[in-house]
Each structure stands twice: as structure tokens, then as C-alpha cells.
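Spelled out from the first residue to the last, the chains are:
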Amino acid sequence: LRKVLPVNVTNGFPILNKDLTWRAPAGEEITDDEPIWKQVARKRIWCMGALAALELGPDALNLIGARHGSVRVAEAIRHDYDRQRNDNNNLE
């Protein structure tokens, strides 16, 4: 995954967004000339467990961390779904 979608790493852990999505490296802007599948992947790949340790802290590998991570991911999915639904309603 790191070969296809590079990400900044600290001590072997990827630096994720607050919603646990795979983040583009600092200084690398996501442009329109990047393939569509990469643009979608950057928004739709969420990480949990050890990969989310920098965001979730020491609980990342236990049930509490799984719950906190799942709440963040569910909120991101809900937000993305609502935004897409509103965009579709504006087109009509």
C-alpha cells in the first residue's frame, strides 16, 4: 500500500488523518492529474489497529481502541455519504 499511495511514517507507523484515512505525504498535494482511483483510495482507505496507533494511542490494539477507531470511521463514512447525497440532490 505504501508503494502505491505513499504516506509519511513516524517510527514505522503511518501518519493518518483524524478520521483514520490514509494521508498524502506532507508537501504532496492531491491534484486532478492523479488517477481517479488514487483520489478515491485516499478518501476511502481507513486504517485500524496497529496502523492507527499514532491517532488512537496505546489503546489502538485493544477493544477500546477498536471502538474509538470504529466511531471515527463510521462518522467519516456518514459524513461522506451525506455530502454525496447532498451533491446528488443539488444536481436534480
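Residues numbered from 1 in each chain as written. Predicted model: local features only at pLDDT ≥ 70, side-chain atom pairs only at ≥ 80, totals over all residues. Heavy atoms only, no water.

Participant: How would you explain the overall build of the chain if you had to name every residue and give the values?
Facilitator: Summing up its helical and strand segments, the chain has 3 helices and 2 strands in all. The linear arrangement of helices and strands in the chain, starting from the amino end, is β-β-α-α-α. Structurally, the chain occupies a C-alpha span of about 45 × 30 × 20 Å along its principal axes. If you sum the accessible surface of the chain, you get close to 6600 Å²; carbon and sulfur atoms cover 54% of it. Averaged over its 13 positive side-chain charges, the chain has a centre that lies 6 Å from the centre of its 13 negative ones. (Helix = DSSP H or I, 4+ residues; strand = E, 2+ residues; numbered from the N terminus. Areas by Shrake-Rupley, 256 points an atom, 1.4 Å probe, with all protein chains shown as cover. Lys, Arg positive; Asp, Glu negative; His and termini not counted. Charge placed at Lys NZ, Arg CZ, Asp CG, Glu CD.)

Participant: I'd like a rundown of the pattern of salt bridges, residues and numbers included.
Facilitator: By the definition in use, this model includes 4 salt bridges. The residue glutamate 55 makes a salt bridge to lysine 18 at a minimum N-O spacing of 3.7 Å. Here glutamate 55 is found in helix α2 (residues 53-56), whereas its partner lysine 18 is found in the loop between β2 (13-14) and α1 (36-44), with 37 residues between them in sequence. Given a relative accessible area of 22%, glutamate 55 falls into the partly exposed group. Here glutamate 55 makes a salt bridge to arginine 72, at a shortest N to O gap of 3.2 Å. Taken together, the residues glutamate 55 in helix α2 and arginine 72 in helix α3 (residues 63-91) connect sequence positions 17 residues apart. (Salt bridge = Lys/Arg side-chain N within 4 Å of Asp/Glu carboxyl O. Buried < 20%, exposed > 50% of the residue type's maximum accessible area, 1.4 Å probe, protein only.)

Participant: Residue-level account of α1, with values.
Facilitator: Of all the positions in α1, only Lys38, Gln39, Ala41 and Arg42 are classed as buried. For α1, the angular spread of buried residues about the axis comes to 165 degrees, placing them on one side. For α1, the exposed residues lying more than 90 degrees away from the buried face are Ile36 and Lys43. (Arc of directions from axis to C-beta.)

Participant: Help me get a handle on the environment of glutamate 55, residues and values and all.
Facilitator: Between the C-alpha atoms of glutamate 55 and isoleucine 15, which are 40 residues apart in sequence, the distance is 7.9 Å. In this structure, glutamate 55 is in contact with Leu16, Asn17, Lys18, Leu20 and Arg72, ignoring residues within four places of it in sequence. A distance of 3.2 Å separates a polar atom in the side chain of glutamate 55 from a polar atom in the side chain of arginine 72. (Contact = heavy atoms within 4.5 Å. Polar contact = N/O pair within 3.5 Å; in protein donor to acceptor, adjacent residues only side chain to side chain.)

Participant: An account of unusual backbone geometry is needed here, citing residue identities and associated values.
Facilitator: With a phi close to 50 degrees, asparagine 11 is a non-glycine residue in the positive phi region. By the element assignment, asparagine 11 lies in the loop between β1 (9-10) and β2.

Participant: I'd love a proper account of the side chain of threonine 21, names of residues and values included.
Facilitator: With respect to the element layout, threonine 21 can be found in the loop between β2 and α1. The buried category is assigned to threonine 21, whose relative accessible area is 4%. Within the local environment of threonine 21, its side chain forms a polar contact with the side chain of asparagine 17, the two groups lying 2.8 Å apart. A polar contact of 2.7 Å, which involves the side chain of threonine 21, links it to the side chain of aspartate 19.

Just geometry here; none of it tells us what the structure is for.
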